[in-house]
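One letter stands for each residue in the lines below.
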Amino acid sequence: MEQASCVATMASIDDAMAIVGLIVATKKLKRSKRHRAIWCKDWLMKREHYSHINLVNELKFAPKDWHNYLRMNEETYLKLLSMVTPLIKKQDTVMRKAISPHERLTATLRFLATGRSYEDLKFTTIISPQALGVIIPETCEAIYKVLRKDYFKFRQTEDEWKNITKHFENRWNFPHRLGAIDGKHIDIIRPSGSGSYFYNYKGSMVLLAIVDARYQFIMCSFGVNGRISDGVLQNVSITKT
């Protein structure tokens, strides 16, 4: 009898401990449970009403303001839009309507023209920063793909180089010149663990470019760490390629 009573007592203790453990676990789960964030903010769902696309449509009647806003005239913009559309157009889904190529390109051009952050740009484009972080790099890559053959072409023939020297002499009175070279430090957020590798007042990478007499790019290079001096930069960059 005593043995049976002892076993029953131990069983009841185990049950009690299990119940207490279940209660504690339930309380912890309730504390750690967070309210799920909304899928999309209401005002971001009203892009047709609040987007800067409405402003762009009005700027068609003010060519100077259009050019100031997108850094190109309407004819050039429409040509560029037709070229990149096949690369950036997305399909609508059951959940939502896709962001149009027109919206994607204007958002990208405003980013390139102003350097505004995605967080700031969302208030004029009515596109979330997360989406802009995908759209803008994707559109930049599309622009490069459609323009590189005609506009990012290195001079190949002797006549092309002679034309450059002719323009320098006629416009700037500099004979026998094939290009003007300069560099610019582009501020970046330094990668973690990079130490002073990118240090130059602030974290930076260097854009080095060669242009002709009309300020048109002949060659450019970007990616050298900002710590490199100008003398070393010319030895490791495009002048050695």
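Residues numbered from 1 in each chain as written. Predicted model: local features only at pLDDT ≥ 70, side-chain atom pairs only at ≥ 80, totals over all residues. Heavy atoms only, no water.

- As recorded by an unreviewed UniProt entry, the protein carries the name DDE Tnp4 domain-containing protein and is attributed to Acanthoscelides obtectus.
- Looking at the protein in UniProt, the text filed under Sequence similarities (unreviewed entry) is "Belongs to the HARBI1 family." (UniProt positions renumbered as here; feature names shortened; annotations may be inferred.)

1. Here we look at the side chain of Arg155
Move 1: Relative to the elements of secondary structure, Arg155 occurs in the loop between helix 8 (129-151) and helix 9 (158-172).
Move 2: With residues up to four places along the chain from it excluded, the contact list for Arg155 reads Glu160, Trp161, Ile164, Asp212, Phe217 and Ile218. (Helix = DSSP H or I, 4+ residues; strand = E, 2+ residues; numbered from the N terminus. Contact = heavy atoms within 4.5 Å.)

2. Re the layout of surface pockets
If a probe as big as a water molecule is rolled over the atoms, it shows which places are left empty.
Move 1: In this model, the largest pocket occupies a volume close to 1200 Å³.
Move 2: Counting residues per element, the lining of the largest pocket draws most heavily on helix 8, at 6 residues.
Move 3: Taken together, the residues that form the lining of the largest pocket break down as 21 nonpolar, 1 polar and 4 charged. (1 Å grid on protein atoms, 1.4 Å probe; cavity = no way out; pocket = protein on both sides within 12 Å on 5 of 7 lines; lining within 4 Å. Points joined across faces, edges and corners; volume = space filled by probe spheres on them. Nonpolar A, V, L, I, M, F, W, Y, C, P; charged D, E, K, R; others polar.)

3. Concerning the nonpolar core
Move 1: If you look at the biggest cluster of nonpolar residues, it comprises 17 residues, and the most contacted ones within it are Tyr77, Leu80, Val84 and Leu105.
Move 2: Looking at this core, the elements that each hand over two or more residues are helix 3 (53-59), helix 4 (63-70), helix 5 (74-88), helix 6 (101-114) and helix 8.
Move 3: If we ignore the near neighbours within four places in the chain, the residues touching Leu105 are Tyr77, Leu80, Leu81, Val84, Thr139 and Ile143.
Move 4: Core analysis: the next-biggest nonpolar cluster, separate from the first, contains 7 residues, Ile99, Ala107, Leu132 and Ile135 among them. (Core = buried A, V, L, I, M, F, W, Y, C linked by side-chain atoms within 4.5 Å. Buried < 20%, exposed > 50% of the residue type's maximum accessible area, 1.4 Å probe, protein only.)

4. Overview of the side chain of His52
Move 1: Within the secondary structure, His52 is located in the loop between helix 2 (47-50) and helix 3.
Move 2: Since its relative accessible area comes to 5%, His52 is described here as buried.
Move 3: Of the polar contacts made by the side chain of His52, one reaches the side chain of Thr106; its length is 3.4 Å.
Move 4: Sequence-distant contacts of His52, that is, excluding residues within four places in its chain, are made with Tyr69, Thr106, Ala107, Arg110, Thr124 and Thr125. (Polar contact = N/O pair within 3.5 Å; in protein donor to acceptor, adjacent residues only side chain to side chain.)

5. Some points on the packing of aromatic side chains
Move 1: Within this structure, the stated rule accounts for 3 aromatic pairs.
Move 2: Considering the side-chain rings of Trp66 and Tyr77, the 5.7 Å spacing of their centres and the 75° angle between planes classify their relative orientation as edge-to-face. Here the residue Trp66 occupies a position in helix 4, and Tyr77 occupies one in helix 5, the gap between them amounting to 11 residues.
Move 3: Given a relative accessible area of 1%, Tyr77 falls into the buried group.
Move 4: Ring geometry for Trp172 and Tyr215: centres 6.2 Å apart, planes at 70°, overall edge-to-face. Here the residue Trp172 occupies a position in helix 9, and Tyr215 occupies one in the loop between strand 3 (202-211) and strand 4 (217-225), the gap between them amounting to 43 residues.
Move 5: Among the residues examined, Trp172 registers a relative accessible area of 36% and is labelled partly exposed. (Phe/Tyr/Trp six-rings, centres within 6.5 Å; stacked < 30°, edge-to-face > 60°.)

6. Some thoughts on helix 6
Move 1: When the terminal C-alpha atoms of helix 6 are compared, their 20 Å separation across 14 residues agrees well with the 20 Å that a helix rising 1.5 Å per residue should span.
Move 2: For helix 6, every residue scored as buried is listed here: Pro101, Glu103, Arg104, Leu105, Thr106, Ala107, Thr108, Leu109 and Arg110.
Move 3: The inward-facing, buried residues of helix 6 contact helix 2, helix 3, helix 4, helix 5, helix 7 (118-125) and helix 8.
Move 4: Backbone geometry just downstream of helix 6 places Gly115 in the positive-phi region, at approximately 70°. (Expected span 1.5 Å × (residues − 1).)

7. Things to note about the packing of helix 7 against helix 8
Move 1: At their nearest, the axes of helix 7 and helix 8 sit 9 Å apart, and the two run at 95° to each other. Accordingly, the angle class assigned to the pair helix 7 and helix 8 is roughly perpendicular. Only Pro129, Leu132, Gly133, Ile136 and Pro137 of helix 8 make contact with helix 7, whose side of the interface consists of Tyr118, Glu119, Leu121, Lys122 and Thr125.
Move 2: Tallied by class, residues from the contact of helix 7 with helix 8 come to 6 nonpolar, 2 polar and 2 charged. (Axes fitted to C-alpha atoms, helices over the stretch in contact; angles between N-to-C directions. Parallel < 35°, antiparallel > 145°, perpendicular 65-115°, else oblique.)

8. Some thoughts on the pattern of salt bridges
Move 1: Enumeration over the complete set of coordinates arrives at 7 salt bridges.
Move 2: The shortest N-O distance in the salt bridge between Glu138 and Lys90 comes to 3.1 Å. Of the two residues, Glu138 sits in helix 8 while Lys90 sits in the loop between helix 5 and helix 6, which places them 48 residues apart along the sequence.
Move 3: With relative accessibility at 24%, the residue Glu138 sits in the partly exposed group.
Move 4: The class of Lys90 is partly exposed, set by a relative accessible area of 35%.
Move 5: Notably, a salt bridge pairs Glu158 with Lys162, separated by 3.0 Å at the nearest N-O pair. Within this pair, Glu158 and its partner Lys162 are both found in helix 9, separated by 4 residues, close to a single helical turn.
Move 6: Exposure remark for Lys162: the relative accessible area of 48% places this residue in the partly exposed category.
Move 7: Through salt bridges that share partners, Lys90, Arg104 and Glu138 make up one connected network. (Salt bridge = Lys/Arg side-chain N within 4 Å of Asp/Glu carboxyl O.)

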